[in-house]
Amino acid sequence: MIELLRYLGRWGLGVFQRLGRGHIFVLYVLAGIPGLLFRFRLVVAQMWAVGVLSLLIIVVSGVFVGMVLGLQGYNTLVDFGAEESLGVAVAKALTRELGPVISALLFAGRAGSALTAEIGLMKATEQLDGMEMMAVDPLRRVVAPRFLAGVLSMPLLATMFTAIGVVGGYFVGVGLLGVDDGAFWSQMQSKVELRDDIINGVLVKSFVFGIVVTWIAVFEGYDAVPTSEGVSAATTRTVVNSSLAVLGLDFVLTALMFNQ
Amino acid sequence: MLDQNGNHSRAAAGEGPIVEVRGLSFARGSRIIFNHVDIDIPRGKVTAIMGPSGSGKTTLLKLIGAQLKPDAGRVSVDGVDVHRLPRDEVFEMRKRMGMLFQSGALLTDLDVFENVAFPLREHTRLPGSMIRTLVLMKLEAVGLRGARKLMPRELSGGMARRVALARAIALDPMMIMYDEPFSGQDPISMGILVQLIRQLNDALGLTSIVVSHDVAETASIADYMYVISDGKIVGHGTPDEMGRAESKWVRQFMQGLPDGPVPFHYPGAGYIDDLLASEEP
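A quick note: this is a predicted structure, and the numbers were derived from the prediction, not measured.

Re the overall build of chain A
Argument step 1. Of regular secondary structure, chain A possesses nine helices and zero strands.
Argument step 2. Its helices and strands taken in sequence order, chain A reads α-α-α-α-α-α-α-α-α from the N to the C terminus.
Argument step 3. Over its C-alpha atoms, taken along the principal directions, chain A stretches across nearly 65 × 55 × 35 Å.
Argument step 4. By the burial criterion, 47% of the 260 residues in chain A qualify as buried.
Argument step 5. In chain A, the share of contacts with a sequence separation of at least 24, taken over all contacts with a separation of at least 6, comes to 84%.
Argument step 6. For chain A, the exposed surface amounts to about 12,500 Å²; the carbon and sulfur share of it is 71%.
Argument step 7. One finds the centroid of the 17 positive side-chain charges in chain A at a distance of 10 Å from the centroid of its 19 negative side-chain charges.

What about a nonpolar patch on the surface?
Argument step 1. On the surface, a cluster of nonpolar side chains totalling about 1,100 Å² of accessible area is made up of A:M1, A:I2, A:L4, A:L5, A:Y7, A:L8, A:W11, A:V15, A:F16 and A:L19.
Argument step 2. If you trace the backbone, A:V15 turns up in helix α1 (residues 2-36).

Side note on helix α9 (residues 228-258) of chain A
Residue and element names in this part refer to chain A.
Argument step 1. Spanning 31 residues, α9 covers 44 Å between terminal C-alpha atoms, matching the ideal 45 Å at 1.5 Å per step.
Argument step 2. Taken together, the buried positions of α9 are occupied by G230, V231, A234, T235, T238, S242, S243, V246, D250, L253, M257 and F258.
Argument step 3. Buried residues in α9 make contact with α4 (86-124) and α8 (194-222).

Details of the pairing of strand β2 (residues 31-41) of chain B
All names here are of chain B.
Argument step 1. When strand β1 (residues 19-28) meets β2, the two strands line up antiparallel, connected through seven bridges. Residue pairing in the sheet places E20 in a bridge with D40 of β2.
Argument step 2. Between β1 and β2, which follow one another and run antiparallel, lie two residues, and G29 among them has a positive phi close to 65 degrees.

Brief notes about the environment of A:D137
Argument step 1. One can find A:D137 in the loop between α5 (127-133) and α6 (138-176).
Argument step 2. Residues A:D137 and A:G32, spaced 105 residues apart in sequence, show a C-alpha to C-alpha distance of 9.3 Å.
Argument step 3. When sequence neighbours within four positions are dropped, the list of residues in contact with A:D137 reads B:R87 and B:F91.
Argument step 4. Of note is the side chain of A:D137, whose polar atom sits 2.9 Å from the side chain of B:R87.

About the cut-offs
Note that residues are indexed from 1 along each chain, following the sequence as it is written. Think of it this way: whatever chain is written first is A, whatever ligand is written first is 1, and the rest follow in order. Only residues with pLDDT of at least 70 get local features here, since the model is predicted, and only at 80 or more are side-chain atom pairs given and counted; chain-wide, interface and lining totals rely on the full set of residues. Calculated side-chain values reflect all of the structure's heavy atoms, with hydrogen atoms and water omitted. Note on conventions: DSSP H or I runs of at least 4 residues are helices, E runs of at least 2 residues are strands, and numbering of each starts at the N terminus. Only protein chains enter the area calculation, which uses a 1.4 Å probe; residues under 20% of their type maximum are buried, those over 50% are exposed, and those in between are partly exposed. The contact criterion used throughout is that any non-hydrogen atoms of two residues lie within 4.5 Å. Where accessible areas are quoted, they stem from the Shrake-Rupley method and a 1.4 Å probe; at the residue level, only the protein chains shown are allowed to cover. Charge convention: Lys and Arg are scored as positive, Asp and Glu as negative, and His as well as the terminal groups of each chain are ignored. To locate a charge, take NZ of a lysine, CZ of an arginine, CG of an aspartate or CD of a glutamate. Grouping into patches uses exposed residues only, defined as over 30% relative accessible area, and leaves out salt-bridged ones; the cut-off is 9 Å for like charges and 5 Å for nonpolar side chains (Val, Leu, Ile, Met, Phe, Trp, Tyr). When a carboxyl oxygen of Asp or Glu lies within 4 Å of a side-chain nitrogen of Lys or Arg, that pair is called a salt bridge. Expected span, for any helix, means 1.5 Å times one less than how many residues it has. If DSSP finds at least two bridges between two strands, the strands pair. N or O atoms within 3.5 Å of each other form a polar contact, as long as, within protein, one can give a hydrogen and the other can take it, and as long as residues adjacent in sequence are counted only when both atoms are side-chain atoms.

Written out as structure tokens, the structure reads:
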């Protein structure tokens, strides 16, 4: 029993120490962001790596998620004779939930894991130590541009995912199942709201997810044990922790934004 | 004698040893790495820090570079206690130190030219043409001007260390710390590195600290040597003095004896007891 308590105590202390380190870490990173305004090319290079190179998986997934929504939505709505509302159903589902959440999960798997592995390997190969000894702060030179690039890329990717998803739903609903073209777009236009659905649903949510996923990714890489096993474990933790964080935060944000 | 800012009273550059280590103690968990160690690194010389693997040689360099903090004691570089400096002043101090890591620590996403240009681009506002000239001069000094377009993955181990050396001297530092520069090198690369360390030290008026366990190569270029073992300095002197030292520790290390104060067997239970014990590892 005492052993169990000791184990729980050690585990709890470890968790809180890591949380503390993570928060101090992000404060240092945030302090480095103003300096990036004068070296924005560093951020642009990282936006290419974490944003543009994630486009393929975002676009392909967006098409298929939209197509599935179109098919399932049609099958449900047609029983009530409301298949003309398919455009609204697809758009609302994508803007409020599936767009930001799925693109954040994909982002964590594609870009988050890559960020962790890259920074972890830089640590393992003494590149970060080397920078420190050259009087270059790796938090400002390496971590801050990646963090900012991730935070800026996430809303753009979520917007892209949502837009492509609507096209996928249109293709199945209108193109294959015969829903009226005009009804699909006009109902969507009248029911989808700029503030609730686009700004809150897509942009704010994905901005918050971008902060959390990128924070976890860069911290796990920087805090990784500098061995191949340590980097591997850190990469796994990035995907698991950021996915759980996205799903948990989605509930909180949804409750705050859409609870009537 | 320290003043109120933690600076040594002989703070003026050019006086006394460039690095003074006094009463240094450092432990990792329960393992004591240094136990009240004193070291002086003289200016303008090549000083070797030698000792068996795991004796804390690399840790000593990290303590001098303020990447680690000692548990007790003081490390002064050019008269300044580096562990009492605020972070931004530590970074200013590091601009005057170069360090060659065992792996080279080249930035893998930059080619050779950009690796050497990196500290210049980060710390100066020199025009591109001048940076190009400076980089080519540094690369010429290490014999790799022709390799400037290669990526780190295309370099051999010896070439990577020479590029790292060119990068370390890019900002014209007052001292360079070499962490195991000869380990894993073929005889030609080792000969080149040995020659480069000595020549650069003399030509640029540097102070060099070479951490190594390659006795012959290091002794051939060092002006002074320290041997570390078991958390303390077990011997120091010129290479000739060290070759004639009476200390068992120094003799074991300098002559490469397999057993002695540093035991061949890692401490453990008795051999017979272990063989007769159960199958548990």
